[in-house]
Amino acid sequence: MKKGLLKVAAIAAVSVMAVMSLTGCRNGNELIMGTNAAFPPFEYTTTNGLVGEFDGIDVAIAKKIAEDNGKELKIENMQFEGLIAAVSTGKIDMAVAGMTADDERRQSVDFSDTYYIASQVMVVAADNTDINKAEDLKNNKKVGVVVGYTGEKIVTENLKIEPAVRTKRGIDAVQDVKNGKLDAVVIDSATGKALAEANGLKVVEDAEAFETEEYAIAVKKGNKELLEKINETLAKMKANGEIEKLAAEYDEKVAAEEN
Ligand code: GLN
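Conventions used here
Residues numbered from 1 in each chain as written. Predicted model: local features only at pLDDT ≥ 70, side-chain atom pairs only at ≥ 80, totals over all residues. Heavy atoms only, no water. Near = heavy atom within 4 Å. Polar contact = N/O pair within 3.5 Å; in protein donor to acceptor, adjacent residues only side chain to side chain. Areas by Shrake-Rupley, 256 points an atom, 1.4 Å probe, with all protein chains shown as cover. Nonpolar A, V, L, I, M, F, W, Y, C, P; charged D, E, K, R; others polar. Axes fitted to C-alpha atoms, helices over the stretch in contact; angles between N-to-C directions. Helix = DSSP H or I, 4+ residues; strand = E, 2+ residues; numbered from the N terminus. Parallel < 35°, antiparallel > 145°, perpendicular 65-115°, else oblique. Contact = heavy atoms within 4.5 Å.

> Help me out: how do you make sense of the site of the ligand in this one?
All residues in the neighbourhood of the ligand are listed as Phe39, Phe80, Ala97, Gly98, Met99, Thr100, Arg105, Gly148, Tyr149, Thr150, Asp188 and Tyr215. The separation between a nitrogen atom of the ligand and a polar main-chain atom of Gly98 is 2.8 Å. Between the ligand and Thr100, the relevant distance is 2.9 Å, taken from a nitrogen atom to a side-chain nitrogen or oxygen of the residue. For the ligand, whose unbound accessible area comes to 290 Å², protein coverage reaches 100%. When grouped by side-chain class, the residues that make up the shell around the ligand number six nonpolar, four polar and two charged.

Below you can see the structure in the form of structure tokens.
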């Protein structure tokens, strides 16, 4: 009799789990962050990361958000381009991916308060002397961008340059600069600096051509509850200098690694 009951309970538990996975429902104790872990120092993979193989400024911030709310952080690593759809459909709770809050994306998702200010930069060979401002890219330069990044939009729409290469990851475009296939890659400042440093290249800035961009966390449109929680943790981390500290720490950490 007892055995029979146990069996029934076991079957019931297994069925509930099966239905949960089928319907995409999940354990209420998890907070699922989606990201593209090829964007040092914000997210990258490494042995012994902060959360499994994942590490970076965004991972540390997301972990804090989860902890502040008694949740366990789970990370879904995906293509950067797929993040907005993953947030909108509820596949992930939030996209924490060095994502620039721009008007186009605001049509599909809601953004938290800003947690980091960046801009685009140009990564060029260490001995390059003829790329000193964005306009110089128009002199028949082979320019690389990363698909779906704000840099792609800025190169094509603002500078009106047809990129020679569109890669899936920043590192791939940066490698092309290293091996001479490209003259420059237009990419976010902190990531550009990290990748340039790790690959013996240099960064050229142009504050006039490249406006500042504000990184924020994306949630499903209308998810006020989560947005408020995220903003509370961000406010705390900004006020006590934790985000600044993380940024400095990870700049150093990433410079010491090969990414
Ligand atoms: N900030 C850039 C953007 O939002 C790049 C972000 C990223 O690659 N993770 O498009």
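More follows now that the structure is in view.
> Is there a simple way to explain the packing of helix α8 (residues 224–239) against helix α9 (residues 242–255) in this structure?
Each pair of packed helices gets described by two things: the angle between the helix axes and the distance between those axes. Where α8 contacts α9, the axes come no closer than 5 Å and their chain directions differ by 75°. Between α8 and α9, the angle is such that the two are roughly perpendicular. Seen from α8, the contacting residues are Leu234, Met237 and Lys238; seen from α9, they are Glu242, Ile243 and Leu246. Here the contact of α8 with α9 is composed, by residue class, of four nonpolar, no polar and two charged.

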